[in-house]
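# Observations on the three-dimensional arrangement
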Amino acid sequence: MSENDEIENKEKKNKKGFGVSFKNQVSGFAAGGIPLFFTMVLSFLVMGVVAVAIFFAAVQGEEKVMVPAVVGKSLTTALLEMQQKALYPELILRYSDVPGQQGIVLEQDPIAGSIVKAYRTIKITVSRGMQLDRMENYVGKQIDPVQEKLQLLFNDNSQLIKIASPVYQKDSSPLGTIIAQYPTEGTLLDEDIKIQLIVSSGNQDVMVQTPNIVGMSLQQVYSVMESNQVIFDFSMTENASIQEASVSSQDNTASQLPSFTRINATIAFPSQNVEGEYVYGIFSYKLTEYPYPVPLHLESIDNDGNTTEIVSFSHPGKDVYIPYKVKKGSVLSLYMMDSLITQQQVN
């Protein structure tokens, strides 16, 4: 066989082998390729369905809810109802003209019953209460409605306002009529202040229980002065056997006395120590006689600039006596409301 014949035979064999290999590949695809094809098609279909679902979810948006009615309800209740509806409140604070509305929802936007998407912001306007920056005039009014109004205005302690118990005084005005007030009309209420109302008891004398202060310490005496409508005219003695001041005697121990009756009382102080840090004494001053009891308070300022209120009480005027124990060199200041009456330095 010639060399050319051998080459030709090899080419025929290669062609025959290629044909067999191609037939085998076609047979293999027919056996396992069809399931793979359907798997690929199914995957594309699932991806398409998911994409369509995501698209429609985005177009549709959040769930829609109904806005609850919160006007007239407390802020706490309003916030809970908004939370239940998956809504976010935006708070707006505003003063109102009606006593007792503090913390109550005044307005809402959108209005109740509106249909909105969940997680939307709802504006709610909440009352901060009444804004009272100056003292009103209550003279001539009945005490009961005025007290109710003052309690509604200041019971939250949003301002540093204290309301003292009314002081009743015999007067020709009808029973329960406010005949004087402290502070007076127009006084700024932008600081720590106490409101004191003087009220008519009609033609009847006001009788009060007589406190027995014998044996009391200075702090206990101050408490009695603040809460009882009697006036103590104090004098002092020294007692070397005691460590702290206390009341040693008092006159007039009747069970009841007319209000603001003057009672003599004696306080025993420890013997003064020249080297001691504190000094004892009786602060005294002659006031004008007032037609009605006025609020007084005595405070001390020591050498370091520390201010301490000693006692605050009502007094009808004329002679005033207040026992004290303060640091040496302190300045004692007597005030009627916010007006400084006099100052004394003690050594």
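Our subject is the structure that appears above.
Sequence order as written defines the numbering, with residues in each chain counted from 1. With the structure being a predicted model, the display of local features is reserved for residues of pLDDT at least 70 and the display and counting of side-chain atom pairs for 80 or more, all residues being used for whole-chain, interface and lining totals. Where side-chain values are given, they derive from all heavy atoms of the structure, hydrogens and water being excluded.

### Regarding helix H2 (residues 75-84)
An α-helical segment advances 3.6 residues per turn. Residues three or four places apart therefore align on the same side. The cut-off we apply is this: When a residue's accessible area, from a 1.4 Å probe over protein chains only, is under 20% of the maximum for its type it is buried; when over 50% it is exposed; and in between it is partly exposed. Where helices and strands are cited, they refer to DSSP runs of H or I of at least four residues and of E of at least two residues respectively, numbered from the N terminus. The arc in question is the one traced by the directions running from the helix axis out to the C-beta atoms. It only takes one pair of heavy atoms within 4.5 Å for two residues to be counted as in contact.
Taken together, the buried positions of H2 are Ala78, Glu81 and Met82. Seen end-on, H2 carries its buried residues on one side only, within an arc spanning 100°. The exposed residues of H2 that point more than 90 degrees off its buried face are Thr76, Gln83 and Gln84. The inward-facing, buried residues of H2 abut strand S2 (88-94), strand S3 (105-109) and strand S5 (121-127). Note on H2: the residue one or two positions beyond its end, Ala86, has a positive phi of about 60°.

### Overview of the sheet that holds strand S14 (residues 262-270)
Our working definition: The criterion for strand pairing is that DSSP finds at least two bridges linking the strands in question. In this analysis, axes come from line fits to C-alpha atoms, helices being fitted only over the stretch in contact, and the angle between any two N-to-C directions falls in the range 0 to 180 degrees.
Taken in spatial order, the 3 strands make up an open sheet running S11-S14-S12, and their pairing is mixed. Because the sheet does not close on itself, it has two edges, and the strands there are strand S11 (231-239) and strand S12 (246-250). Recorded for the sheet is a direction-independent mean angle of 30° between the axes of neighbouring strands. Two elements, S12 and S14, share 4 bridges in a ladder whose sense is antiparallel. Considered in S14, the bridge of Ser249 is made with Thr266. Sheet strands in contact with helix H4 (residues 218-227) are S11, S12 and S14, and its direction is about 170° off that of S11.

### Some points on the nonpolar core
For the record, the criterion: To qualify as a nonpolar core, a set must consist of buried Ala, Val, Leu, Ile, Met, Phe, Trp, Tyr and Cys residues joined through side-chain atoms within 4.5 Å.
Of all hydrophobic cores here, the largest spans 58 residues; its most connected members are Met225, Phe232, Phe234, Ile322 and Tyr324. The element that contributes the greatest number of residues to this core is strand S15 (residues 278-301), accounting for 8 residues. Those residues in contact with Tyr324 that lie beyond four places of it in its chain are Leu218, Tyr222, Phe269, Val279, Tyr280, Gly281, Ile282, Phe283, Ile310, Leu332 and Val346. Among the nonpolar cores identified, the runner-up in size contains 12 residues, and Val65, Val70, Ile122 and Val126 belong to it.

### Things to note about the sheet that holds S15
Pairing within the open sheet is antiparallel, and its 4 strands lie in the order S16-S15-S17-S18. Edge positions in the open sheet fall to strand S16 (307-327) and strand S18 (339-345), since each of these has one partner strand only. The mean inter-strand angle of the sheet, taken between neighbouring strand axes irrespective of direction, is 20°. Looking at chain direction, strand S17 (residues 331-336) and S18 are connected through 6 bridges and run antiparallel. Bridge pairing in S18 links Leu332 to Gln344.

The values are spatial; any link to function lies outside them.
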